[in-house]
Every structure is written in C-alpha cells, then in structure tokens.
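So the chains spell out like this:
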Amino acid sequence: MASVRNRNETLIAYLFLAPFLIAFVVFLGYPILYSLYLSFHETTVFTDWFNIFGDMRWAGFGNYSDLLFNDFEFWWSLYRTLIYALMMIPAQIVIGFFLAVLLREKLPGRDFFRGAYFMPHVLDVFVVGTIWVLIYSPNYGLLDVLLTRIGLKSAGFGMILFLAAMSNIPESVYEAADIDGANFWQKHRHVTFPLVKPIILFLIITGLMGALNAFTEIYAMAATKYAQGGPFIDAFGHTVGVTKVSGFYLYKTFEQGDYGRAAAMSFLLLIVAFTISVFNARLLRSEKV
Amino acid sequence: MRNRFLTAVLIATLLAAGVSCSKRPSIDASGVRTVTIWETYNAQEHEVFESFARDYERELTARTGEKVRLKVERVPYEGLLPKLKYAAITGTAPDVCRVDNAWVLTLAYGKAVVPLDTLPTFGTTLDEEAAKYVPAAIATNIIEVPDASGVWSRHLFGLPDQTNCAALFWNKGLFAASAEQLRREGLDPERAPATWDEFVRYSKVLTIPEKKQFGFGMFATLWWVMPFLNSFGARFTRTDENGKVACGFSDPEAIEAFKFIVSLYRDHRVEAGAWQTGSINPEQGFLNGKYAMILTGPWNLKRFEGIDFGGVARAVGSGRYVLERRRVEHGRLQVVDERGYRARFPQMVHVARHAVAMGA
Amino acid sequence: MDSTDTAPRRSPSRQARVLRIRKAVLVLLSIWITVIVLLPIGWMIMIAFKREGQALKFQFVPVTNQRSIAHAFEVGDAPSVTLEYRDAAAQQVTVVGELTGDEPVPMLRDGALFRVVLTGVAAGRRTYHFVVDNTTRPDPRATETTTLGESVIEVAADRNSSNGPLDVSITTRLLEQKTSLSFRAPDATNVIATIDGDAGQTVSLTPGPEGTWHADVSGLLPGSHNVEFLKERTFWTALGDIYTTNNFSEVLFNKDFPFIRFFFNSLVVATSAGIITVILCTFAGYAFAKKQFPGRDTIFYVLLASMLVPGLILVVPQFALVSEFGWINTYQGMVLPHVANIFGLFLMRQYIETIPDSLLEAARIDGASEWQVFRIAIVPLAMPIIITLFLITFVSQWSNFLWQFITNTPDSPLRTLPVGLNLFKGQYDIKWELIMAGACFSIIPVAIIFALTQRYFIQGMTSGAVKE
C-alpha cells in the first residue's frame, strides 16, 4: 500500500516536473553539453563560418591547459574580477543597508521612495544602458558602468532584502534598546546587524556570481566601440587592461570566433563559481548552527 | 593589428555552395531572381541606395531581359558582425552586405565572403580592378588567404562604396572671439593652423580655463591617433629583417607622434582630456563651443549644422589632412559621392548575382 | 504616515521639535537620493523632447531675444542690388556671375541668412548664381532662370533691386530724407532697430503683413551707417527652437519602420515568456518543495550548478537549435529558449517550502485531487512569488536585444522594440532624440506592471530569495 502510494507520488512529482525538465534539457542542457564538447575543440579565425561545427579540430585538453598555463590574461581577468568584486560588494551592502535603515523610518511618502530606489533594478531596459553611455561618456567605460549602473541596481536589490529582514524585527526590541539608552549605532550594531547577517552572506555570494558572470552589462558595454578594457597598464611584463574582468575577456574571446577556447573558459569560470558557492553554503550552514 | 581606415565597404557574401544554401528562395516561379542586401545607412542614404537599386533593376531588364529584384534591408549597425556570423551558421546570410572595412579580414578568413576575382563574371584582373579605386580604400579589401592546401594568395573580397578621412574641424566663432589675442601672437584668426607647431600656438591661445574652453579635444583610440601618425610619417606595419610583418609603432617616427600627442595634454595643456571617462567627448565639446578644434570626419557635417566651422572644405579640395608636416597623400573625403556610387553599383550587384547563382 | 501629529502627545516641547527636524532632514535626504536614482529617466524624457540636432547640446533654456549682425548701408549713394540666401547647413556662400563681373563676392552670414549688397552695378538684365560650400546653386527666390541654370535679376537704374521680398531690407529715399527699414520675423513680439551702435538712435518697428516689421527713420546724414535688429519673442515661441513633441509621433508612426508592430511584438514576447516561465517554474518548484521522489536533490543541484554557466557561451548552440527547428522569425523561437528559468525555479521552491504541509494534508483529507491541491492550496498562497517571477521574466525579455536581433531576419515582421530602437543607431549617426522617445514608450509597460505589483514584488523577493 505504502509503495503504491510512493510510486504514485513519484509519478505525480515527475509529471509536475516534466515541462520544466523538457525545456531545460532541450534549451539549456543540450547547449551546455554541446559547449562542453566545443571546449575540447579548436576553432580559429580560419574556421568556415558556414560550417563552424564541421570545420573545427579536436584539441583534447589543449584549450584548458593553454588557459591555465600559458594565458596570463586569463589569470589577470580573474584577478581583476576579484578586485571588482571587492569594490562592488561592500558598496552594495553598505548602501543597501543605509537605504533600508533610512526607509525603515516612518517617513511621509515612504512607499514612493522604496519604489523609486528599486526602479533601476526593474528598469533594466536596454535603453537605460544607452542613457548611461550618454550621460557618463565612458571612453574606457566598463569599470565605471559596472560600478555606477550595477552599483545602483544592486544597492536597490540589497535594500529590499535588508528591509524585509528588518521587518521581522519587532519594534519592541528597538524600544527596549532606546530605554537602555543605546544610541543609533549601538542599536543597529547589536539589534539589526546580527539579524541581517544571512542577507549579507547572500549578497556576497550573488555579488561574486554576478562579478564572474556579468554578461548582460558587459555585453551592453563591450558592444559599443568605446570599450577596450582599458586603461592599460604594465603588470608582470604584460600590457593588460584594468577593466578586463573575466566576463569581458570571455566576450572578447567569443567575439573573435574562438568558440572552443571561450567554452573552455566558461567551464573554468563555472568551477570557480561552484567552489565559491559550495564554500559559501558551508559557511551559511555553520552560521545557522 | 586593426588597421581601420573607416571606409565603408560593400561585400558580397557567398552562400557557401554545396554546404548550405540560402533558405530563402532566390528565384521565384516567375523567374525573378532576388538578391538580398543588408545595409546600415542612415535614412537619407537609404533612400539614395533604394533609388539605385530600382534603377539597376530596370536597366538590367532593359539590357538583358533578365529579371532581378534587389531586396534592400536595413540592419542596426550595432551587433551586425555577430549577426552575420549567426546568419552564416544557419545559411540565412544576405547576398550582399555593407560592413566596415575593418571587418573584411575577419569575414575573408572565416570564408564568409566570396573572392570576387575568382568569379567568371569578374572580367578583369585583380590589379586592373584595384587601380580604379583610391589605393587605401581598396587595399583593405585585398586580402591574402590560404586555400585548402595551405597555399596563400591575394584576392579581392569587397568593393569600397564610400571613402572618408578625418580632418581638423575648427570653430570659426571661437577663433573670431579670440581674434585679438591670436593676432598678438602673430596668428591669423581667419584660418586653421597649417603645421603642428602652429597648431600648438593656436591651441594655447584658444584654451581659456575660466570659460572651460580648450583648444583641442580628442579620443585616445587608435583610429584617432592615425592622423598624427600619418603626418609624422610613421608606418603602422613594416617588414622586419626576417621578412615578417611587424608593428611599426616602435619606430622613431611613431614614437615622435605619440610623444607629441601626450604633450598636448600633459605639457601644453591644450587638450581637454576628452578621452577620459566622464568628460565631454570631442564631438559634443565641439558642438557646444567647448573645444575650438577637433579631429572628426564628414559624417558629422550635418550634426554641426548652425555652427560656424571650417577646415573641412580645404580637406575635401586637397585630399589631404589639413595638418601636415610631411605630406601624406591619403584618400578623398566624400559625404555621399552619388556619381561614384552609381558607377560602382551595377558591378557590385553583378558580382552578387553570380554568387547567388552558385549558391542555388 | 501621520506620526508627526502623535509626537506632541509625549512631550510638546523640545524633543518633539528635534524629532520633527530629524524627520524633515530624512525626507529631504530621501528626495535627494530619489533625484539621483531617477536622474537618467528624467534626462531621457528631456532628450525625447529635443529637436533634431539639439539632443547633445547643453542649451536647455531658450534664448528669447535674438540680435542680428550689424547690417551696413549707405545713405545717398547709387542704386544697389541686394541678394539673400537662407540655409542653416551652409558654411560659406558666395555670389558669382555677370552681376559681379565674374568675381566671387562672399555673402555676410547672419545665423541661417546669407546676405550681400552689391553697388555699382549697371542697369539691365544680369545673371548670377550662388556657390554654397563649393556647390553651385541657383537663387531659389529668382523668378527667372536661364537654361544654363543661372538666376536672372533685373537691375533698375534708380533704386535698390532684389529678387523677391527680402528678409532684411534697408532702402533710402533721398527726396523724402527717409530710410525705410524692414525685417522679417513672423515669430517676434517686438523688433527694435539700433542704428549706428549705442551712440545712435533706436527705433521700434511696427508689424506689417506676412510677419514683416517696418519703420521709417529720418535725419540720417549721407554716408555709411549700420543697423542692428533685436528680435524679441515670447518664451513659449523660443522654446520651439529647442523642444518639440514631434519625436513621439515620429517614432510611433515612423515611415520606415512599423514601431507599433514592434511594440506589440515585444508585448507578446515578454508576456508569453512571463506566463510560460511562471507555469513551468511553479509546477517544478512545487515538485521540489513538497514531493519526495528519487533523485530529487541530485536533479536540483545539477540544475543549480548549470545556472553558473555563463549565458554567452550558450547563444551559438541555442541559435543553431532554434534554426534547426525552423523557428527563425517566430514567436516561439524568441520565447521558448528562455522559459526554463532556474533562478525562477529556485525562488519558487524556496517560497513554496514555507507553505505549511498541514494545509496540503487538510486539503487531501477533504478529498482534493493532486491537481486540486496544487490549484487551491499552492497557487493562491504562492501568488506574491508568482507575480514576482512574472515581473522579472517580463522585464528581462522586454529588453532582450541580442537574442531577438539574431532570431529575426532584417525583414521579419516580428522584430521587437529593442531591435527597432537600435535601427536609429547608424555607424556614425545616432538619432538620440528618437531613441529616447522610443525609450519613453518602452518603459511605460514596465513601469505600469511594476507599480501594480510592487507590493507583491517586495514580499516575493524577500521570502523567496533569503529564506536561509
């Protein structure tokens, strides 16, 4: 009896799952596996555009070993990504936290302000990117756009998450702190901060993922003629662009028609991201205990 | 090295015969052959282009009785190259596409375009054909490519439909406003500087920090460095002692040119820093009377309507950069040269027509 | 909201005042941040109203009073010929022909008006043409043109001659000792002429027919003089120099591109993508959250891991797939490749897990089928996250340029708004005012949906994403 019910339950579960899984396998699973296959092949500038998949050569782990051992720029791009994340994420957290504290106050028009601050996160229409290009005149741009545009966007996102977490803190806790004579900082340091800690961790992980994988923003910028990945500096005997974050380097490799190498790079980035996620999940779990 | 001379080029793309052919029918039931052309012109140019297309259709039918329909489709310039790439993968590429000449190399290496001189209808030799064009404009379309057995040979992959070049634009109004100071320095406020030394002297007078006005503003990308390199006599590439092509940027001439550019910003302080992020870009600075001189091209003539500027006319007439120290002959300046266009049009389509015939 | 009124209850004195000031400061701060955050949007709207060619100019406030250049004239000399040519784009205009003895004579520029006064021309029929920036043009005001394209003017022996009515005309009648000034300015509210600079006299002109203003000046001594016209306009008239409302209609009813169709296509693509994604993710999220089945965790982690693959690399195989299916130029080609949204699935699972199992059990005990349980217990309770996911998907597909660009051929009737707006960007020539006007239309649906669903959105985002 129990096993029949189990079998039934399993069947029903798979029925609910089927549409999603089918769409996944066809439009994501297959392309991912195909990219994996591509990553073991070599495509060059001479590869026939009309027959890209037929005209490439088996390269084994060549793309991977080349990236890992011979490509200074790949490591450099990872390093720049890390720097970028180190700039971005604290800014996002601090600004988001500040906005949340501000809008926790019972101010007139509070709902309007909440909506307004969150707007850039929602209005990620391609035109908004265009506007930034115009206003900001990013001649080398990538970094500035990443910082301002995504910065604004993610600060709004952080604000919403903080606000939600804070809404779980009963007003009486703050009142008690007030009675104890705690000032503004003490109050937030001892009451608010411990409660929003998981959110900070969540923002760190999504921020890192975003930094590794910021495809949309990078595409919007890289497609313009201005973005070169500069300004350029000398580092360890190589001339490298300061704003060449990994996503940008990936885009450039892809754009040059080096699909195999770009695919290999994607999977290396995947491994990095995966490691971070697992590490972070551990951290979160230990936090909860 | 990316040697972008900013000529726009018409390229005939081949629907690689035997591998994949266009999924759109190229000849319909009534025997009308369709040639698809992608272009990125602006609205006015598009109208001119359409009129050429219609003329050609009529002309061809009158002359040979053959029926052809030229389907002119407008494509956004942004993302055109990836789009061409994807279209090639699925065999939906156009027969003719107008691209920046910097892309011709990529397209030729990727076998996305047909070598025009190998077509039976070409009817002339490569060098004879090339002699009809401005040398710099046609040179970027003649590319050495390897064949299946690895033998390299030169072929023609595109035809230039427009050429243009950068010139120094100078704002007459700002020159006139500083006329007295310019005269005091022994400079004529009614003409543009003719040498780089004069250029620096003019720029110094025209740089007025209180008004946030600068003598000069420029982008710092390779393309905008070229006028300097050219006039300093630098070469972009040269053949080294081993017979290999090498970048010429470490030659003394090029170094001199680069040093001069840097000095404009750092030593003379006449360049506005327009290449920096958050600054006013050269075109916008010129438009708003913030930069007295900029390097730009004929595509901005319309945008600068209503400003009293000069320098362009002279560049058109002489076919040289306004600023020259060592005279370098370099391409003509044309906005839309209707006559040249009209003359080249039949040839271009003729070639394309053949490409379709092979694909189908 | 009205807590300001309750504050005095505690202590009506200093403390309340401090609180009130604090609140005011915080509100001002919030407004200031709002301005910064919404600056690009306000800026976009302003550009959308700018005239062609004005988009990149820093001029925002129009000039109401326009001063002309000083036009020189002679009192008491021989008859002359006055020629005018109006062209905003011209840089340099000269007049050449019989009239000038084949010597090119440059014309004086006053804004868009080029003007020259020729003296010492013998009476009779004379031909001439203009050279506008190295291009030969006939005089558009001439009534007669020769077969060679030369314009013709009849030069009188005893008075000033011109072809057609002049924009700026200064004529002297010696007998009456009067100089008549006329100035064409249909949009002016007042025109004042200053003769011989600040030391000379100033006259107000009176309006006449066809927007031409007149005045007669007497008492000028024979010899050289000059006159400057000051044109005064209302602020609203002058506004028209910089701003226009035409961009919006020019985008919507564009003669080259069917923008209404583009808009409709975008709406179809974004809405259907939103609906399908929500359905798939809710089903799957429910299964992962509330069902036990073999391989549940493995499948879930595989899905999560695949989210980490950079999307860029998938474009080529996805496109090859879509074209293999023959889905180029179709709605399904634009929509279906993106409906398996793993982030959406993650949100759904997190949210649905918070729905208590007892509720589902209760429904089952009441005899509800699996489908009914899902419909009655899950869907209504998961509404905030469903709406959130719809909004996220809608927005991302609404602005998905690259994919919609490559899956449509340039002649496709299914091209979408982002693709259409990019058509205003040429290689060199970008029509900013039209792009921004189009952008104004493109944010309307997003703004409306966001305004309607804001409350759910915040609720959904918070409990879905960070339930850790």
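Higher on the page you've got the structure.
Described in the following lines is the structure provided in the data block. (Residues numbered from 1 in each chain as written. Chains lettered and ligands numbered in written order. Predicted model: local features only at pLDDT ≥ 70, side-chain atom pairs only at ≥ 80, totals over all residues. Heavy atoms only, no water.)

### Description of the nonpolar core
Formed by 91 residues in total, the largest nonpolar core has its most connected members in A:F20, A:F254, B:Y86, C:Y286 and C:I352. At 12 residues, the largest contribution of residues to this core is made by helix α1 (residues 2–38) of chain A. Residue contacts for A:F20: discarding those within four places in its chain leaves C:L280, C:C281, C:A284, C:L303, C:A340, C:N341, C:I342 and C:L345. Formed by 79 residues, the second largest nonpolar core is a distinct cluster that contains A:V196, A:F202, B:A274 and C:L26. (Core = buried A, V, L, I, M, F, W, Y, C linked by side-chain atoms within 4.5 Å. Buried < 20%, exposed > 50% of the residue type's maximum accessible area, 1.4 Å probe, protein only. Helix = DSSP H or I, 4+ residues; strand = E, 2+ residues; numbered from the N terminus. Contact = heavy atoms within 4.5 Å.)

### Some points on the pattern of salt bridges
Across all of its chains, the model carries 31 salt bridges over all chains by this definition. Ionic pairing is found between B:E57 and B:R54, a salt bridge with its closest N-O pair at 3.0 Å. Of the two residues, B:E57 and B:R54 are both situated in helix α1 (residues 43–64); the distance of three residues between them amounts to about one turn of the helix. Overall, the relative accessible area of 14% leaves B:E57 in the buried class. We note a salt bridge from C:E370 to C:R364, for which the minimum N-O separation is 3.1 Å. Through salt bridges with shared partners, one network takes in C:E84, C:R86, C:R115, C:R141, C:D167 and C:R184. (Salt bridge = Lys/Arg side-chain N within 4 Å of Asp/Glu carboxyl O.)

### Description of the packing of aromatic side chains
Within this structure, the stated rule accounts for 54 aromatic pairs over all chains. Here C:Y286 and C:F374 contribute two aromatic rings whose centre-to-centre distance is 5.3 Å and whose plane-to-plane angle is 55°, an arrangement assigned as tilted. Here C:F374 lies in helix α11 (residues 370–378) and C:Y286 lies in helix α5 (residues 259–290), a separation of 88 residues in the sequence. Of the two residues examined, C:Y286 and C:F374, each falls in the buried class. A network of ring pairs unites the aromatic residues A:Y14, C:F288, C:F293, C:F300 and C:Y301 as a single cluster. Above the plane of the ring of C:F405 lies B:K83, whose end atom (NZ or CZ) is 4.7 Å from the centre. Across from the ring centre of C:F300, 4.0 Å away, lies the NZ or CZ of C:R349, which sits over that ring. (Phe/Tyr/Trp six-rings, centres within 6.5 Å; stacked < 30°, edge-to-face > 60°. Lys NZ or Arg CZ within 6 Å of the ring centre and 35° of its normal.)

### Digging into helix α2 (residues 62–70) of chain A
Residues and elements named next belong to chain A. Burial in α2 covers these residues: N63, Y64 and L67. Buried residues along α2 cover an arc of 100° about the axis, so they all sit on one side. In α2, those exposed residues whose orientation departs by more than 90 degrees from the buried face are F69 and N70. (Arc of directions from axis to C-beta.)

### A few points about the pairing of strand β13 (residues 178–184) of chain C
Residues and elements named next belong to chain C. Across the seven residues that make up β13, a large majority, five, are buried. Bridge count for β13 against strand β17 (residues 212–218) is seven bridges, and the pairing is antiparallel. Bridge assignment links F183 to a residue of β17, and that residue is W213. (Pairing = 2+ DSSP bridges.)

### Focus on helix α8 (residues 196–206) of chain B
Within α8(B), eight of the 11 residues are buried, leaving the element largely enclosed by the surrounding structure. Buried within α8(B) we find B:W196, B:E198, B:F199, B:V200, B:Y202, B:S203, B:V205 and B:L206.

### Details of the environment of B:P146
On the secondary structure map, B:P146 appears in strand β5 (residues 142–146). B:P146 sits in the partly exposed class, given a relative accessible area of 24%. Placed 37 residues apart in sequence, B:P146 and B:Y109 show a C-alpha to C-alpha distance of 8.4 Å. Leave out the neighbours within four places in its chain, and B:P146 touches A:F46, B:V151 and B:W152.

### Considering the sheet that holds strand β16 (residues 206–207) of chain C
Through backbone hydrogen bonds, the strands of a sheet pair up, either in parallel or in antiparallel fashion. Spatially, β12-β13-β17-β16 (chain C) is the arrangement adopted by the four strands of the open sheet, whose pairing is antiparallel. Here the strands that pair on one side only, and so sit at the sheet edges, are β12 (168–173) and β16 of chain C.

### Let's talk about the interface of chain A and chain C
Between chain A and chain C, the residue contacts involve 78 residues of the former and 84 residues of the latter. Summing both partners gives a buried area of about 7,600 Å² for chain A against chain C, and 84% of it is carried by carbon and sulfur. The interface formed by chain A and chain C contains zero salt bridges. The tally of links between chain A and chain C comes to two residue pairs in polar contact (both at pLDDT 80 or more). The element that contributes the greatest number of residues to the side of chain A that touches chain C is α1(A), accounting for 20 residues. Looking at the side of chain A that touches chain C, its residues break down into 62 nonpolar, eight polar and eight charged. (Buried area = accessible area lost by both parts, 1.4 Å probe. Polar contact = N/O pair within 3.5 Å; in protein donor to acceptor, adjacent residues only side chain to side chain. Nonpolar A, V, L, I, M, F, W, Y, C, P; charged D, E, K, R; others polar.)

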